[in-house]
Amino acid sequence: MAHDPSILEAFFEECEDLIIDLTEGLIEMRKGHADAETVNAVFRAVHSIKGAAGAFALDELVGFAHKFETVLDELRSEKLETDEKLLRVLQRAGDILADLADDARENAPANRAVVDPMLAELQGFLGPEGDEQDAAEEEFVFEALSLDVGMPDVGPAGYRVSFHPSAEFYALGHDPALIIAALMELGEATVDVNMQDLPTEFADFAWSQGYLSWQIDIAGLTTDLQIHDIFQFMDDICALQVVSLDMVDDMAAQPSIDLAEVLTAEEIKTVALPEANSAPTGSATPVKEQQKQRPAKKPAATTLRVDPERVDRLINAVGELIINQSVISQRLQEADLPNLAELLADLDDYKFLAREIQEGVMAIRAQPVKPLFQRMMRIAREAADATGKDVELITEGEATEVDKTVVERLADPLTHMIRNAIDHGIEKPEDRVAKKKDRQGQLRLSASQRSGSIVIEIADDGAGLNRSKIRDIAINKGLIAPDAALSDQEIDHLLFAPGFSTAEEVTSLSGRGVGMDVVKTAITALGGRIAINSNPGFGTAFSITLPVTLAVMDGMIITVADQTMVVPISSILETIRPDMSDIAKLGLNSELFKIRGEYVPIIDLAERLGSQPSQKDMVDRVLLLVQTESIAQCALAVDDIFDQRQVVVKSMLGNYGEIDGVSGATILGDGKIALIIDPDAITSVMAAKTRLTTDDREAAHVRAS
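I will try to describe carefully the structure that is included in this document. (Residues numbered from 1 in each chain as written. Predicted model: local features only at pLDDT ≥ 70, side-chain atom pairs only at ≥ 80, totals over all residues. Heavy atoms only, no water.)

Secondary structure assignment for the protein chain yields 24 helices and 25 strands. For the protein chain, the residues scored as buried account for 44% of the 705 residues in total. Counting contacts in the protein chain only where the partners sit at least 6 residues apart, residues at least 24 apart contribute 68% of the total. Surface summary for the protein chain: the accessible area is close to 36400 Å², and the carbon and sulfur share equals 51%. (Helix = DSSP H or I, 4+ residues; strand = E, 2+ residues; numbered from the N terminus. Buried < 20%, exposed > 50% of the residue type's maximum accessible area, 1.4 Å probe, protein only. Contact = heavy atoms within 4.5 Å. Areas by Shrake-Rupley, 256 points an atom, 1.4 Å probe, with all protein chains shown as cover.)

What follows is the structure in structure tokens.
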């Protein structure tokens, strides 16, 4: 049976959310929080995936999820012990379930070499009884919107379903009659309606309230899973209890005993979100009273799915709006009109409004890095298994929001870096013990916002970089001259050279000389930069700095060789008009700038871009103090600074290809095009020319004094 592609895609999007919930729950369980609530949340996620996949006849996904949920059901019934072995298997099973969902989305066959061994491991926790249970259970199958359920011949008497819809239940368009009809299809059913809450006077009747509650006894069911499926998306808008009829019959003989005093949590199962049901599990409190006891329900989270192309068109329109604002501002200043101050004040309001719209539009594209980080956890587990190492990946700042394009394009670079950190950085368990370290290595992945940029850090507590080995390999590969004087930072950045690899043999993870150069290329293409900080014996940290958005940025408008250009504000530490006493000569053409007792190289931006060097004295120019990955600090010499404003970034790759030292272009208010400078590219070529040794610094200090 063919399915509507839009409905199928909606299922896969919902599946992504469920896998996130599943991963979160498994992480909490690994942390030692394997309480009933967490286990039930994990179970519900797997069961929901299985149930929805059944509607689309995704047999591979349904079969694996069924075995997975059977183990989880044994766990929540306390028939299995929550030990490290089980938790590891469950976490790997979660990874495979996510892979199966991806395979189903791509209409690709399942990887049986991975799936079958995991099914065998899961079955190992169930034993032969698990096989018999699977054979006895007739699983539900969705056909269109109806339920077709095979009824087992043996088992409990059935279940009693008590539910009381809230006012929101009706406001959202739900119909109790359809719910009852679906329940009646599960088996022989008896339905009773409770009307005691109906107002006695018609004047007291409120159409928005739900007064009726129902009690449905369904005979012959061996499991309550089918009932749970019917209420799957309504458990937070109605009070619901599902009780075994066997337990109800037992209690009928003891009417004077409170049901809550006799039944345990395992004997009465409640389907409700934590905030939707605060009554004790197993309580015999009437449904109406139970609803009154619940805390105020949090507003339901709503999600609006929008075609990315529509968002892109809106972003482009906002970009044109910002350019238009600059044009109007420029024209007003040129016109020299009377009462210009009032017009400029109105224009400022326009500017603030345009910026607010731009930030709102960018927020639509923003998404938390949490799904990406969870994917990296899977990569880390696979790499640790492949290398025989014990590694814990710790994530921080998962709620940090990044442009969706950035998140998508970060997956490959982070994958390379996670694998390299585990393969090359973190030692084997026995080596760590010999060094008096914990047997288990730690890898920390964090995200944060700093000064208008997104910073992602990958840090390990491994052996650190072997700089002498890196240098020797670079010399053997002809990347540097044997007598080259390199700082520690420059040696570290040799890792990003094409074809560079420290692996002594080719493995499934590394050794082919492809990896870190790909990382740098990908990060640079995103307008970002990457830095390394390594402490031999204690670990290595990689820091990736990215712009918050790729479409709009804050820039400083400068002039260089009679050309107007833009330098990203995020790269500038400070702007300085130097005094002659702060300038020191180095050699024939190089100059240094003294700031707070330190000397930093000066790069003439005009000369670096291929123009004639400025004829102005350095004291008549402006220095932009920037920090890049090639040089810790350096000063870009420009002719003048005109303004600081928000500019719309336009890519030049499609028309002109990659331009050294230029990351893009923008349109100014006068209609002219201004190039956007890439400080990292500007300083990378000049790094060798401006490299300072200790003797150079001392000589410069003597001459300056």
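Once the structure has been displayed, the description carries forward.
Moving on: unusual backbone geometry. Even without being a glycine, Ala 561 presents a positive backbone phi close to 50°. With respect to the secondary-structure elements, Ala 561 resides in the loop between β15 (552-560) and β16 (563-568).

By the bridge criterion, two bridges tie β16 to strand β25 (residues 673-677) in an arrangement that is parallel. Each bridged residue has a counterpart across the sheet, and for Met 565 the counterpart in β25 is Leu 675. Inspection of the sheet shows strand β24 (residues 662-667) paired to β25 by five bridges, in the antiparallel sense. From the neighbouring strand, Thr 666 faces β25, where its bridge partner is Ala 674. In this antiparallel pair of consecutive strands, β24 and β25, the connection spans five residues, and Gly 671 shows a positive phi of 90°. (Pairing = 2+ DSSP bridges.)

Here the focus is helix α5 (residues 112-126). Over its 15 residues, α5 extends 21 Å from the first C-alpha to the last, a length consistent with the 21 Å expected when each residue adds 1.5 Å. Those residues of α5 that sit buried are Val 115, Met 118, Leu 122, Gln 123, Phe 125 and Leu 126. Down the axis of α5, the smallest arc covering the buried residues is 150°, so these residues share one side. Facing away from the buried side of α5, by more than 90 degrees, are the exposed residues Ala 113 and Gly 124. After α5 finishes, the residue Gly 127 shows a positive phi value of roughly 75°. (Expected span 1.5 Å × (residues − 1). Arc of directions from axis to C-beta.)

Turning next to the packing of aromatic side chains. Any aromatic ring pair is given by two values, namely how distant the centres are and how the planes are angled relative to each other. Within this structure, the stated rule accounts for seven aromatic pairs. Ring plane angle 55° and centroid distance 5.0 Å describe the contact between Phe 11 and Phe 12, whose orientation is recorded as tilted. By the burial criterion, Phe 11 is buried, and Phe 12 matches it. With a centroid separation of 5.3 Å and an interplanar angle of 35°, the aromatic rings of Phe 11 and Phe 56 are classed as tilted. Placement of the pair is Phe 11 in helix α1 (residues 5-30) and Phe 56 in the loop between α2 (36-55) and α3 (59-76), with a sequence separation of 45 residues. When sorted by exposure, Phe 11 lands in the same class as Phe 56, which is buried. Sitting over the face of the ring of Phe 43, Arg 76 holds its NZ or CZ atom 3.8 Å from the ring centroid. (Phe/Tyr/Trp six-rings, centres within 6.5 Å; stacked < 30°, edge-to-face > 60°. Lys NZ or Arg CZ within 6 Å of the ring centre and 35° of its normal.)

All right, on to α3 then. Spanning 18 residues, α3 covers 25 Å between terminal C-alpha atoms, matching the ideal 26 Å at 1.5 Å per step. Most of α3 is tucked away, with 13 of its 18 residues classed as buried. At the C-terminal side of α3, Glu 78 shows a positive phi close to 65°.

What describes two packed helices is the angle between their axes and the distance between those same axes. Contact geometry of α3 with helix α4 (residues 84-105) gives a least axis separation of 10 Å together with a crossing angle of 155°. Our classification of the angle between α3 and α4 gives roughly antiparallel. In this structure, the crossing between α3 and α4 has a hand that is left-handed. Touching Glu 60, Leu 61, Phe 64, Ala 65, Phe 68, Val 71, Leu 72 and Leu 75 of α3 are Leu 86, Leu 90, Ala 93, Gly 94, Ile 96, Leu 97, Leu 100 and Ala 101, all from α4. Across the contact of α3 with α4, the residue classes tally to 14 nonpolar, one polar and one charged. (Axes fitted to C-alpha atoms, helices over the stretch in contact; angles between N-to-C directions. Parallel < 35°, antiparallel > 145°, perpendicular 65-115°, else oblique. Left-handed = near helix turned anticlockwise from the far one by under 90°. Nonpolar A, V, L, I, M, F, W, Y, C, P; charged D, E, K, R; others polar.)

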